[in-house]
Structures are given as structure tokens and as C-alpha cells.
Amino acid sequence: MYGEEPLFGLLNRIGTPVEGHQPWPRYRLGRDGWLRLIKGLAGNGWSLLGLWGEPKAVHAAFREDFSGDVAVVSLDCPQGRFPSLSAVRPAANRLERAAHDLYGLVAERTTDPRPWLDHDAWGVRRPLSEQPAAPVPNPGPYTFLPVEGDGLHQIPVGPVHAGIIEPGHFRFTANGETVVRLEERLGYVHRGVEGLMQGRPVAEAARLAARISGDATVAHSLAFARAVEAALGIEVPARAVWLRALMAELERIANHLGDIGAICNDAAFAFMLAQTSQLRERVLRTADSCFGHRLMMDRVIPGGVAADLPERGTGLLLELVAELRRRFPPLVAIYDGKASLQDRTVTTGFVSTELVTRFGAGGHVGRASGRDQDARRSPGYAPYDELAFEVPVLTEGDVNARVWVRIREVEQSLSLIEQIVARLPAISRGLDHPSVPLEAGRGGEGMALVESFRGEILTWVRLDGEGAVTRCHPRDPSWFQWPLLEAAIGGNIVADFPLCNKSFNCSYAGHDL
Amino acid sequence: MLKHILTSLTGGPVTEAAPAPADPALAELAGKLDKAAKARLGRSLSIREVDAGSCNGCELEIHALNNPIYDLERFGIRFVASPRHADVLLVTGPVARNMREALIRTWDATPGPKWLVACGDCAVSGGLFAGGYACVGPVEEVLPVDLRIPGCPPRPTDLLAGLLALLETSAAK
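Draft legend 1. Quick peek at the overall build of chain B. Per the secondary structure count, chain B includes seven helices and five strands. In chain B, the order of α-helices and β-strands from amino to carboxyl end is α-α-α-β-α-β-β-α-β-α-β-α. Counting over 173 residues, chain B shows a buried share of 55%. Sequence-distant contacts in chain B: of pairs separated by 6 or more residues, those separated by 24 or more amount to 84%. Accessible surface, chain B as shown: approximately 7,100 Å² in total, 55% of it carbon and sulfur.

Below, the structure written as C-alpha cells:
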């Protein structure tokens, strides 16, 4: 953009590059440099990709949307304090609160200093810092933001919800039926994934990565694997690269089918759920026949994939594509033609392009509000550079637009599966297993950006010379989508919350870690 | 849509035959249910699902039980919205410490006779998350468990077999 300084231009002036960080550079900044970075962030379009802590340092990743340049910046904070990014990048707030709860890092001049993941239940404070502390003897209640006005009442919901769904707390403030404000409180599903990964061999950490969020297990495994491979400089067999994309697209189709039906079900149109859940089951069974697990958990591993397709695998996949091509379009026509459905989804749960851009939200949430980002295309990774696909983008920003983005993505993924099956490379000779062994004795730092069905996953990893993980930070797309759900529900009626929530379908487990 | 409905009416059910109740599950349950409970429940079960820290993989498969292919409701088993309506708590996850109290309160809100089913490897043993600062471990460290359904996640047929075992046992004379 005219008149703005390029990301690398600024970073080269204020920071020093760190060796051994792949594939994008990492810069170490001083405190002055960090403050200048904050100043620079205020006036340009660099998206925040993630922010994570260590006992004595904080890291943040950015992308210059215009050029696609990606960089990580780090600030040593021996006193455990760093200037907050939340005033210029509001999406940073919850990440900073998480870094505080886990590592004890204090974000100075933050917009919101309340705890986030720590609910005073762990029996320890800042568990991953150098000196974990004893719990607070009498912790007070969590303070929700004040809401004042005539005729307002509050509706607390959760953490145990009415449906078969993950736990989280929603505090609605309503005037009659209209929601004035929604405040989320998350962290209930915090299992300590980052802490459990520390010191584990890569193969074990990969199993944890696969369980960050079960519905995006392929995408999270892929992000972890790619980050490890980047850190170690490993080349994955060509066939494994293509099989990974195959699994990722199957996962995307299965989730979108389930969600499209569930959204309609929340609009009291159960017919669609009955139909799409059958299609979803069809996809899962094909995944099971092809990869030996319905959700394809632990099938993408660092170095390649855990299992190859059986002999009849490609045939099964083509049958699946043919069947979905036959059965899905009539359902789309029904969705589009029912006034009772459109009445609930059109203009409901609106999120503006400005807000989506400000928070750097990806996936169907961003793309339904005009944010044209897809990690498969930019920064891009193999084999998508050799595949033809479109990234559907709409601008209406409502529940209906999010449904349509999903519908279009299902169609694109079907085409991708066909292309992948047609061009799947044969197993290279001498390899009876489509993966390469990880060499010990080499360490490094790596990062990966991978597109899940929900949006962009960032995984950053540091490995020691023994092949163990010293620090790993997986950032689920939900981090940047949850705050927008609060905005989407404002002005809608309470009964439309399930529709808004389902159209986002943010992960609780992926967010809480 | 009319065409769809006609096809569904004439095409026969898509629902598949149920698996046999799991034998190990039957053995585990035997003797746990007293006669009063059996008389009151008959052949129906209302289940309240509680996610106590799962990765949501188990939830996806539990959801699948409601689809027309597994059609859980044909057995008189249904998922309910409140613990007040439930006979069974179906608990997933390695009990995140942040969820411990909510789980106990949900159990306390469930009227007796009641059963607790631990669903998935995490709920059964703590899985990969056992031993961390953030998880308690298996569900039985928090509440008494009547039935364990292992798997990561359990397949819908495994879930169905386990729940049918619960139903058979509770209806037995």
C-alpha cells in the first residue's frame, strides 16, 4: 500500500534476525524496537497471526496481507513484562491474557488484564513459568464487564450447555428478547497441551497435536508436522504430501456438511440435518476405509503420513465424490428455496468487513465478510500450488453468507479430491512407508500456516538436538473468531444465538488448549 | 423437497441394524442396578452428555448416534437438555480441572436412580492428558463410574453397543 513501510523494511531496521528459524525469518527486538513496532502496527494492514509466551520472552507473528510476507518478532522480557499490543491489535488481548496465565508475562497497558485460561482450579499459578506459584487462597469471582441501563436483564448460560457441545460460559445481557451484549468466558477445556508437549519426543507431541481440536485433527496434525519439518529441514515424500491434502479436504467436507445441517436444524428445519448427517457419515466411512480412522486422527505424522491408501482407495474416493455430486446439489436447492429458512439466516448475525479485518479472522467467518484469505493459497503450501481451486468470498457477513461459503467450499473440495486422486504420485521406489524418519541430533525452530476447515492454524515449534519439543504453540483459528461472535449477536434476538454460534462453529478445545 | 420426501418414503429406511450389546459392558454392569431402578426405568434412558475437557472428537461421534443411520431414539434412548431430565450422564474428556466443579454439580443435579458412563479413552484413563497440571485424570477420580466405553474416539457402533448394554441391564428382570 502506498506510503506504508514494508514489514521487512521496518523489522530490518529495528531488529536483528535470529538464526535457524524456518521458513520465515524471526527477529529479536529490544524494548524500543517493540514500542516502534506497536507504533508501526497502528498505521498499516499487517495481520496478527499469533502471540505466545515463554518464561522470559514473548513472540508475535505477523503477515503483510498485501505482499504475503510473514515474520516472527521476539522480545526478551527478563522482568516478565512487555508492552501490550492489544490497543492496536485487539485480537492480541486474549492471547496476552493466556500468556499471562501460563507464563506469568504481564502485558503493560493492556486493554483488559483479567485472567483468561486460569480459573483458580489448577492448584498452581503460572504453571509453565520458571517459578510456578502457589494458588491464591481466596480467589474472588470472575468479574464480567459492567452493563448498565433501564430494563436490562442477564442470562447466564453454561459451562454445561443444553446440547451435545463443548463447555464454555456465555453471559447475555438482554432488553426483552434483544441481546444488548454478549460476553464470553472460555478456558473450561484447558488441558495444558502446551505444557504436556514440552520435553516430549516429536512423535508423542504429534499425538497431542492431533487432539487439540478433534474436528480439525488432520489440520492440526498437518500444521504441527509442517512446523517440525520446517525446523529440521526435512523433505516429505511427494505421495505423502498429496495424501495429506486428500485427508484435509475430506475433513473439510465432513465438517461443512455437518455444520450446514446443524445450522438449518437450529432454524427448526430438521430435514436438512437428517440429510446432511447421512452424507457426513458417508464421508467418514470412506475416510475409515481409506485411512483406518473415521476422523483420520494420527494419520498425518511428522515426516509424512502414517498409512497409505489401500488398493481400492482411489476407487472408493471417486465413488464418494460422485455420490456427493448427485445428492448435495438438491439439498442446496432446498436450502436456497425455503422462505422459512431464509427468514432466519438472512441478515442474522452480521459481522462487518472492517471488524473481520481488524481481528484478522479467517475461514468461513472472514470470507463471508469479505476477507479474502486462505492459507492454502497464501502463503500457500504443496500440493495446492499445483491444484486448481477457488476461494469463495462473500460480503454480506450474515449467517446465510457463512452457510454459502461452506456450500461453495464443499464443491471446491470435491473438485480438489478428484484432482488429487487423478494425480497422486506413485510411492517412490525403496520406500514401503510414505514417510521419512526424523534424524536426531538436529534442532531448530519452525513455523507453519495451514488452512483448516475453520480457518488458518499457526503452529510454532522449537526442537532441541535430541529431537524433543522444547516449546510448541499451536494457535487455533478460533482465537480470532470467538471475539467476533460477541459482535455478531448484538441486536439479534436470544433465539438466534444458536444460529449465529453454529454458523461460526468456533472450537472450544482448540482455543482453550 | 417433495421428491426427497417421496424417495425417503418409498426407498426404505437407511437405518442400520443395531450391534449386540457389548458383553464386557454387560458384565461390568451386572449387579450394579437394583430392582427399584429397573422397574422405574423400563426400557428407556435419557442421557445428558457432559464434555469435561474432551477434544470434541467424542462429541462428533456421539452426535452421529442421532443421525438416521444409527437412529438412537428407536431404542428409547435419547439425549436431553438438562441433568434434571436425565438417567445417565455420558461424560467425555480427562476432566479438565476447570470443569471439575461443573461436572460434580451436574451429577448432583441429576435425580436418582442415575448412572455415569465414561466415554472415550480420556474419560476412561485420562488418555494423553493424565498427569498434567490442568487435568484431574479419569472420570472415576471425581465420580463413581458405572460403564466405560473406550476408544479415541469410540465409534458410533461401540457407543451404541455400550448404551444398549446399559438399557438391557436396566430392563432385566
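So that's the structure; there's more coming.
Draft legend 2. Seen up close, the nonpolar core. Counting 134 residues, the largest nonpolar core has W34(A), L37(A) and L85(A) as its most contacted members. Here this core takes 15 residues from helix α7 (residues 238–266) of chain A, the largest share from any one element. In terms of nonpolar packing, the next biggest core, distinct from the first, is built from 26 residues, L147(B), L163(B), L166(B) and L167(B) among them.

Draft legend 3. Quick look at the confidence of the model for chain B. Counting all residues, the mean pLDDT for chain B is 86, and 86% of those residues have values of 70 or more. Among the scores for the predicted complex, ipTM is 0.91 and pTM is 0.93.

Draft legend 4. Quick look at a nonpolar patch on the surface. A grouping of M1(B), L2(B), I5(B), L6(B) and L9(B) is seen on the molecular surface, where their side chains present a nonpolar patch of about 490 Å² in accessible area. Along the chain, I5(B) turns up in helix α1 (residues 2–10).

Draft legend 5. Seen up close, the sheet that holds strand β2 (residues 77–79) of chain B. Residue and element names in this part refer to chain B. Taking strand neighbours across the sheet as the criterion, the five strands line up as β2-β1-β3-β4-β5 in an open arrangement whose pairing is parallel. Edge positions in the open sheet fall to β2 and β5 (147–149), since each of these has one partner strand only. Each adjacent strand pair in this sheet contributes to an overall mean axis angle of 25 degrees, direction not counted. Bridge count between strand β4 (residues 115–119) and β5: three bridges; the pairing is parallel. Looking at the pairing, A118 lines up with R148 of β5. Relative to strand β3 (residues 88–92), helix α4 (residues 57–64) is tilted by about 140 degrees, and along the sheet it contacts β1 (45–51), β2, β3 and β4.

Draft legend 6. Layout of the sheet that holds strand β14 (residues 444–451) of chain A. All names here are of chain A. Strand order in the open sheet formed by four strands is β2-β14-β15-β16, with mixed pairing between adjacent strands. Only two strands of the sheet have a single partner each, and these edge strands are β2 (21–22) and β16 (469–475). Of the pairings in the sheet, the one linking strand β15 (residues 456–463) to β16 comprises six bridges and is antiparallel in character. By the bridge assignment, L458 is partnered in β16 with R475. Packing against the sheet, helix α6 (residues 217–232) makes contact with β2, β14, β15 and β16, and its axis sits at approximately 145 degrees to β14.

Draft legend 7. Main features of the layout of surface pockets. Empty space within the largest pocket amounts to approximately 1,300 Å³. If you trace the largest pocket, you find 48 residues lining it, with I164(A), I165(A), A262(A), K502(A) and H63(B) closest to the centre. Its residues assigned to classes, the lining of the largest pocket comprises 24 nonpolar, 12 polar and 12 charged. Its boundaries defined by the atoms lining it, the second largest pocket holds a volume of some 1,000 Å³. Counting only elements with at least two residues in the lining of the second largest pocket, the list comes to α3 (92–103) and β10 (169–175) of chain A together with α5 (97–109) of chain B. With eight residues, the top contributor of residues to the lining of the second largest pocket is α5(B). Here the residues of the lining of the second largest pocket sort into 13 nonpolar, nine polar and 12 charged.

Draft legend 8. A look at the interface of chain A and chain B. With 55 residues of chain A at the interface, the matching set in chain B holds 46 residues. With both sides pooled, the region where chain A packs onto chain B buries about 4,000 Å², and carbon together with sulfur makes up 62% of that total. When the area that chain A buries against chain B is broken down by residue, the three leading residues are V160(A), I164(A) and R191(A), summing to 18%. Here chain A is connected to chain B by three salt bridges. In this structure, the salt-bridge partner of E61(B) is R294(A), at a minimum N-O distance of 2.5 Å. Looking at the side of chain A that touches chain B, the elements that each hand over two or more residues are α4 (193–197), α5 (202–209), α8 (270–291) and α9 (313–337) of chain A. If you tally residues by element for the side of chain A that touches chain B, the top one is α8(A), at 10 residues. Considered class by class, the residues forming the side of chain A that touches chain B number 29 nonpolar, 14 polar and 12 charged.

Draft legend 9. Molecular detail of the packing of aromatic side chains. Residues and elements named next belong to chain A. In total, this model carries 14 aromatic pairs over all chains according to the counting rule given. Considering the side-chain rings of Y335 and W404, the 6.2 Å spacing of their centres and the 70 degrees angle between planes classify their relative orientation as edge-to-face. Here the residue Y335 occupies a position in helix α9, and W404 occupies one in helix α14 (residues 399–423), the gap between them amounting to 69 residues. The class for Y335 is buried, based on a relative accessible area of 1%. With relative accessibility at 15%, the residue W404 sits in the buried group. Plain terms: the ring middles of Y384 and F389 are 5.7 Å apart, the flat faces sit at 65 degrees to each other, and that makes the pair edge-to-face. The pair formed by Y384 and F389 is uniform in burial state, with each residue classed as buried.

Thresholds applied
Residues numbered from 1 in each chain as written. Chains lettered and ligands numbered in written order. Predicted model: local features only at pLDDT ≥ 70, side-chain atom pairs only at ≥ 80, totals over all residues. Heavy atoms only, no water. Helix = DSSP H or I, 4+ residues; strand = E, 2+ residues; numbered from the N terminus. Buried < 20%, exposed > 50% of the residue type's maximum accessible area, 1.4 Å probe, protein only. Contact = heavy atoms within 4.5 Å. Areas by Shrake-Rupley, 256 points an atom, 1.4 Å probe, with all protein chains shown as cover. Core = buried A, V, L, I, M, F, W, Y, C linked by side-chain atoms within 4.5 Å. pLDDT = per-residue confidence, 0-100. Patch = residues over 30% accessible without salt bridge, like charges linked within 9 Å, V, L, I, M, F, W, Y side chains within 5 Å. Salt bridge = Lys/Arg side-chain N within 4 Å of Asp/Glu carboxyl O. Pairing = 2+ DSSP bridges. Axes fitted to C-alpha atoms, helices over the stretch in contact; angles between N-to-C directions. 1 Å grid on protein atoms, 1.4 Å probe; cavity = no way out; pocket = protein on both sides within 12 Å on 5 of 7 lines; lining within 4 Å. Points joined across faces, edges and corners; volume = space filled by probe spheres on them. Nonpolar A, V, L, I, M, F, W, Y, C, P; charged D, E, K, R; others polar. Buried area = accessible area lost by both parts, 1.4 Å probe. Phe/Tyr/Trp six-rings, centres within 6.5 Å; stacked < 30°, edge-to-face > 60°.

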